[in-house]
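# Chains, contacts and geometry: an overview
These are the residues of each chain, in order.
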Amino acid sequence: QVQLVESGGGLVQAGGSLRVACVASGSISSINDMGWYRQVPGKQRELVAGTTSGGTANYADSVKGRFTISRDNTKNTVYLQMNNLKPEDTAVYYCHAEIFAVGFFSRRSYWGKGTLVTVSS
């Protein structure tokens with residue numbers, strides 16, 4: 001059983017910073033891409049940032065220069081450092097990973113349950 005668990009969300013004032021983390025656990029052979037998505041009520045979930053297993057990162061235009069994604073492959077963990085937060089960054093942030101689980105011959109897509117980030121003006 002593979003699961004992703006996020007942590008680190010919360011309430012912060014505009015201009016502040018937060019770091020969220022996501023740990024993948026369970027019967028894991030290897031992890032390919034990992035990333036962060038966010039969703040607000042009534043809107044589609046959108047990609048915020050992603051990273052390959054080699055560390056190549058990509059970002060949504062709206063967060064470039066403010067957010068940084070990183071991962072620790074020894075800990076099966078991906079982080080999202082969010083600086084200069086804006087009220088429009090308020091959303092539930094979801095962790096996503098493409099994982100080869102033990103006993104499976106193809107990678108599968110896994111999601112965390114999400115962590116709420118609220119930015120007050």
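Moving on: the sheet that holds strand β8 (residues 77-82). In spatial order, the strands read β1-β3-β8-β7; together these four strands make up an open sheet with antiparallel pairing. Each end of this open sheet is capped by a strand with a single partner; those strands are β1 (3-7) and β7 (67-72). On average, adjacent strands in this sheet sit at an angle of 15° to one another, irrespective of strand direction. When β7 meets β8, the two strands line up antiparallel, connected through six bridges. Bridge pairing links Ile 69 to Leu 80 in β8.

Attention shifts here to the pairing of strand β10 (residues 108-111). Across four bridges, the pairing between strand β9 (residues 91-101) and β10 is antiparallel. In the sheet register, His 96 faces β10, and the bridge partner there is Trp 111. With antiparallel pairing between neighbouring strands as the criterion, β9 and β10 make up a hairpin whose turn holds six residues, including Gly 103 at a positive phi of roughly 95°.

Attention now goes to the state of the cysteines. One pass over the structure, following the stated rule, counts one disulfide. Two residues share a disulfide in this structure: Cys 22 and Cys 95, whose sulfurs sit 2.1 Å from each other. Between Cys 22 and Cys 95, the S-S torsion sits near -80°, and that sign places the bridge as left-handed. With Cys 22 in strand β3 (residues 18-25) and Cys 95 in strand β9, the pair connects residues that are 73 residues apart, well separated along the chain. Overall, the relative accessible area of 0% leaves Cys 22 in the buried class. For Cys 95, a relative accessible area of 0% gives the class buried.

Definitions and limits used
Residues numbered from 1 in each chain as written. Predicted model: local features only at pLDDT ≥ 70, side-chain atom pairs only at ≥ 80, totals over all residues. Heavy atoms only, no water. Pairing = 2+ DSSP bridges. Helix = DSSP H or I, 4+ residues; strand = E, 2+ residues; numbered from the N terminus. Axes fitted to C-alpha atoms, helices over the stretch in contact; angles between N-to-C directions. Disulfide = S-S within 2.5 Å. Buried < 20%, exposed > 50% of the residue type's maximum accessible area, 1.4 Å probe, protein only.

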